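# Architecture at a glance
Residue-level listing of the chains:
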Amino acid sequence: DTEVLTEGAAILIHLAEAHGSALMPPAGMPRAKAMQWLGFANSSLHPLYSRVFWMRALLKDEANGHPLMESTLKSIQALWNHVESSLNPQGYLLGETYILAEILLTVIANWSASYAIPADFGPKTKTM
């Protein structure tokens, strides 16, 4: 009898905890901050990319230049700007090594290239 997890953030947390990974701090404020960033990637940035995918599917060629598309692309850029300004000089969100959120953010960042979604990544974000 196997249970199924279907949400990316839950799957990442489960794998990190099941294998004793340092990708998720065990307790306290470091864990809360790591969860905050995982929530940001999963609940703020990811839905905006989903909106782009839906608009392109529904509006086809009319999606380009559509006010909702332009607004969504601006919002995506604002969130990537937030990531850039939050990365420490070593290019990490917390501490001296990467956390689960950075893995999810990297996946989402690759959607920009794979699906031609414009995003101007800052120098620290590019090395994340």
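Residues numbered from 1 in each chain as written. Predicted model: local features only at pLDDT ≥ 70, side-chain atom pairs only at ≥ 80, totals over all residues. Heavy atoms only, no water.

### Details of the overall build of the protein
Keep this limit in mind: Each helix corresponds to a stretch of at least 4 residues labelled H or I by DSSP, and each strand to a stretch of at least 2 residues labelled E; elements are numbered beginning at the N terminus. Accessible area is worked out with a 1.4 Å probe on protein chains only. A residue is then buried under 20% of its type maximum, exposed over 50%, and partly exposed in between. Contacts: residue pairs with any heavy atoms within 4.5 Å of one another. Using a 1.4 Å probe, accessible areas were evaluated by the Shrake-Rupley method; residue-level cover was limited to the displayed protein chains. As used throughout, the charge tally considers Lys and Arg to be positive and Asp and Glu to be negative, leaving His and the chain termini uncounted. Charge positions are represented by NZ for Lys, CZ for Arg, CG for Asp and CD for Glu.
Counting its regular elements, the protein contains 5 helices and 0 strands. Here the protein holds 128 residues, and 36% of them are scored as buried. A fraction of 65% describes how many contacts in the protein between residues 6 or more apart in sequence connect residues 24 or more apart. Approximately 7700 Å² of the protein is accessible, and the part contributed by carbon and sulfur atoms is 58%. Here the protein carries 8 positive and 11 negative side-chain charges, and the mean point of each set is 8 Å from the other.

### Some remarks on the confidence of the model for the protein
For the record, the criterion: The predictor's confidence in any single residue is recorded as pLDDT, a number from 0 to 100.
When pLDDT is averaged along the protein, the result is 93, and 99% of the positions lie at 70 or above. Per-residue pLDDT, averaged within each element of the protein, yields its smallest value for helix α1 (residues 8-18) (89) and its largest for helix α3 (residues 67-86) (98).

### Quick look at the packing of helix α2 (residues 28-59) against α3
For the record, the criterion: Only the stretch in contact is used when a helix axis is fitted, and all axes are lines through C-alpha atoms; the angle between N-to-C directions ranges over 0 to 180 degrees. The labels follow the angle: roughly parallel below 35 degrees, roughly antiparallel above 145, roughly perpendicular from 65 to 115, and oblique for the rest. Left-handed describes a crossing whose near helix is turned anticlockwise from the far helix by less than a right angle; the clockwise case is right-handed. Side-chain classes follow a simple rule in which Ala, Val, Leu, Ile, Met, Phe, Trp, Tyr, Cys and Pro form the nonpolar group, Asp, Glu, Lys and Arg form the charged group, and the remainder, Gly included, forms the polar group.
At a minimum axis distance of 10 Å, the contact between α2 and α3 shows a crossing angle of 155°. One way to sum up the angle between α2 and α3 is to call them roughly antiparallel. Between α2 and α3 lies a crossing of left-handed hand. Contacts between α2 and α3 involve Trp37, Phe40, Ser44, Leu45, Leu48, Tyr49, Arg51, Val52, Met55 and Arg56 on the former and, on the latter, Leu68, Met69, Thr72, Leu73, Ser75, Ile76, Leu79, Trp80, His82, Val83 and Ser86. Across the contact of α2 with α3, the residue classes tally to 14 nonpolar, 5 polar and 2 charged.

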